[in-house]
Amino acid sequence: MSIANDSALAERYQAQAYASIVFSFSHPDRLAAIARLHGLEAADPQTARVLEIGCASGLNLLSIAACFPSAELLGIDLDGVAIQKACQRQKSLGLENIRFEQSDLLEWDSDGLEFDYIIAHGFFSWVPDSVKEQLLVRIQQCLAPNGVALISYLTQPGSMGREAARDFLALHTSGNKSPHKVMERAREAAHFLSALTSSRNPPGNPLAPVADYLLRKNPDVLFHDELGPIYDPCYFLQFMEWAGEHGLQFLSEARLVDHAPEIFPEAARRLLDDSPIDRLRLEQYRDYAANRSFRRSLLCPAAARLSPVPDASAVKGFSLSLNVRLSFEMLDLSEGVSMRFETPSGVVLTTSEPVAKAAYCLLSEIKTVSVSFQELLRRVTATLDSLSLPNTEDTAKQLSNALLLGAYRGLLDLSLDGSLSSGQPLSDDHPFSRLQALLAEEGLPALDTWRRQMRRTNP
Ligand SMILES: C[S@@+](CC[C@H](N)C(=O)[O-])C[C@H]1O[C@@H](n2cnc3c(N)ncnc32)[C@H](O)[C@@H]1O
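Residues numbered from 1 in each chain as written. Predicted model: local features only at pLDDT ≥ 70, side-chain atom pairs only at ≥ 80, totals over all residues.

## Focus: the overall build of the protein chain
For the protein chain, the helix and strand inventory stands at 16 helices and 13 strands. Here the protein chain has a C-alpha radius of gyration of 23 Å; the compact-globule value for 459 residues is 23 Å, and the two agree. Along the three orthogonal principal directions, the C-alpha set of the protein chain runs to about 70 × 55 × 45 Å. Contacts in the protein chain between residues at least 24 apart in sequence constitute 76% of all its contacts with a sequence separation of at least 6. (Helix = DSSP H or I, 4+ residues; strand = E, 2+ residues; numbered from the N terminus. Rg over C-alpha atoms; globule rule 2.2 N^0.38 Å. Contact = placed C-beta atoms within 7 Å.)

Right under this line is the structure:
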């Protein structure tokens, strides 16, 4: 049960601003690609109507507006100071396709508006139950029949460790009133936890993975997300029950890697094969397997017809970007010879298929950050031809399957529009260049052309 009301929350956000940042997984070009994989003809991101609820000072939405001048965007937030800042940024960027409104979601007048994409990131688990309910009501009311909503939320069982860490943070920061002091003490607590859970500690300490997570977070995020008055994780199935009561169904996670089958060890996979369970239950089992503490779930109207299994042929209409450095030891594209591709974090993809090997080699070489499927197909075909390797009518199919596999392993991002990242330099007065200049002026990390925010490291 929630304990804080909206005005107490608003005061807390006003006392310490939440630095809004850009979340590339929430961008309509990615959401559209995932929707299309599942057979939902989501709206073209270039002209989409996008709503962000709890947009804070607007950077996420501004980064979308700067890419898609013909899209229409609206951001709402309870915090008047954050909205003022968002409006200032919008004015200085001269963007006319976006507006911000200071409003409590409980009282917001949606005025019959309809949206193709609705984003509520970092919101659901931190607001009172009445606001959670209202979020689902608004999505049901305002989402287009082929629309996609993204809601992120804390999940069990993984949040148990985070709750214990939160109790420790509360203990270590207790007695401090000023947000500045609380944030300083919270960082200290994160360092302390990290030291506590180092290798000499008993194995299996549930705080160990949380300590790393806390160290990566900025102090303002610790102040609001970990130390705020409401912290309300739920199980995935519980969340989906609420969503279902509001006429919404599960589409996918916003990050395809969160569906990777490798999360189940071989023996567990065999048990699941012997007694299959439905898709939602499988997702819940996945959370147990991964001890997941956070989800970014995509929902769409229950009436929409979806294909639960992603359709690889949809990849033919996408742009692709390798989002990690891929290394491989020996280069041999011949049929039947296995090649092992590896990321710095140890994700391994092994394949002996010439098309898949050629695609991954080419993607690791391509200097521009994104390439269209058709362009990659052209280059793969040319490579196979130059080596006199078989190049059949099936090449396109094999390529889309290989790329889909890479996307589910977390190696690739799929997008419906790659125009910004096609390697053509942007003019200085392109809205995206102006946004980059504004970020630099404000001392904030730059975005790459794939709209991924460069990481800023914590002290
Ligand atoms: C944790 S911040 C997340 C901000 C941003 N979405 C992000 O992830 O960086 C939550 C935001 O929701 C806003 N918020 C909380 N309750 C709200 C309500 N009832 N109506 C509108 N906005 C609300 C807060 O003011 C705050 O800016």
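Right, picking up where we left off after that structure.
## With respect to the site of the ligand
Lining the immediate environment of the ligand, one finds 25 residues, of which Gly-54, Leu-78, Asp-79, Leu-105 and Gly-122 sit closest. Secondary-structure elements contributing two or more residues to the shell around the ligand are helix H1 (6-15), strand S2 (72-77) and helix H9 (219-226). Looking at which element gives the most residues to the shell around the ligand, the answer is H1, with three residues. (Near = placed C-beta within 6 Å.)

## What about the sheet that holds strand S7 (residues 294-301)?
Read from one edge to the other, the open sheet built from seven strands follows the order S3-S2-S1-S4-S5-S7-S6, with strand pairing classed as mixed. Every other strand in the sheet has two partners, leaving strand S3 (98-102) and strand S6 (248-253) as the edge strands with one partner each. Here the average twist between neighbouring strands, direction ignored, is 20 degrees. The sheet contacts of helix H4 (residues 80-93) involve S2 and S3, and relative to S3 the element is tilted by about 160 degrees. (Pairing = 2+ DSSP bridges. Axes fitted to C-alpha atoms, helices over the stretch in contact; angles between N-to-C directions.)

## A closer look at the domain arrangement of the protein chain
One can read the domain layout of the protein chain as domain 1 (6-156 + 233-301), domain 2 (159-218) and domain 3 (319-415). Computed over C-alpha atoms only, the centres of domain 1 and domain 3 are separated by 31 Å. The partner domain 3 presents seven residues to the seven residues of domain 1 that form the contact. Partitioned by chemical class, the residues of the side of domain 1 that touches domain 3 number four nonpolar, one polar and two charged. (Domains from an automatic or database assignment. Nonpolar A, V, L, I, M, F, W, Y, C, P; charged D, E, K, R; others polar.)

## Details of the environment of Gly-244
Tracing the sequence through the fold places Gly-244 in helix H10 (residues 236-245). Distance in space between the C-alpha atoms of Gly-244 and Val-221 is 30 Å, their sequence separation being 23 residues.

## Concerning helix H16 (residues 431-441)
Each α-helix turn comprises 3.6 residues. Residues three or four places apart therefore point the same way. Residues of H16 that are buried include every one of Pro-431, Leu-435, Gln-436 and Leu-439, and no others. Considered in projection along H16, the buried side chains sweep an arc of 145 degrees and stay on one side of the axis. Across H16 from its buried face, at more than 90 degrees, point the exposed residues Ala-440 and Glu-441. Looking at the buried positions of H16, the neighbouring elements they touch are helix H3 (59-67) and H4. (Buried ≥ 20, exposed ≤ 12 C-beta atoms within 10 Å, placed from the backbone. Arc of directions from axis to C-beta.)

## Looking at helix H12 (residues 279-290)
Between its first and last C-alpha, H12 extends 16 Å over 12 residues, near the 16 Å set by a 1.5 Å rise per residue. Looking one or two residues past H12, Asn-291 carries a phi angle of roughly 50 degrees, positive in sign. (Expected span 1.5 Å × (residues − 1).)

## A look at the pairing of strand S4 (residues 115-120)
S4 sits mainly inside the fold: six of its six residues count as buried. The sheet contact formed by S4 and strand S5 (residues 143-154) spans five bridges and is parallel. For Ile-119, the partnering residue across the bridge sits in S5 and is Leu-150.

## Thoughts on unusual backbone geometry
Along the chain, Gln-156 connects to Pro-157 via a cis peptide bond; the corresponding omega equals 5 degrees. Its place among the elements puts Pro-157 in the loop between S5 and helix H6 (159-173). One non-glycine residue, Ala-56, lies in positive phi territory at about 50 degrees. On the secondary structure map, Ala-56 appears in the loop between strand S1 (49-53) and H3. What makes Ala-56 buried here is the crowd of 27 C-beta atoms within 10 Å. In this structure, Asp-111 is a non-glycine residue whose phi angle is positive, near 55 degrees. Mapped onto the elements, Asp-111 comes out in the loop between S3 and S4. Given 6 C-beta atoms within 10 Å, Asp-111 falls into the exposed group.

## Thoughts on the nonpolar core
Counting residues in hydrophobic clusters, the biggest one holds 99 residues, and the most contacted among them are Leu-31, Ile-118, Val-148 and Ala-359. The contact partners of Leu-31, leaving out residues within four places of it in the chain, are Ala-42, Tyr-117, Val-148, Leu-150, Ala-254 and Leu-298. (Core = buried A, V, L, I, M, F, W, Y, C linked by C-beta atoms within 7 Å.)

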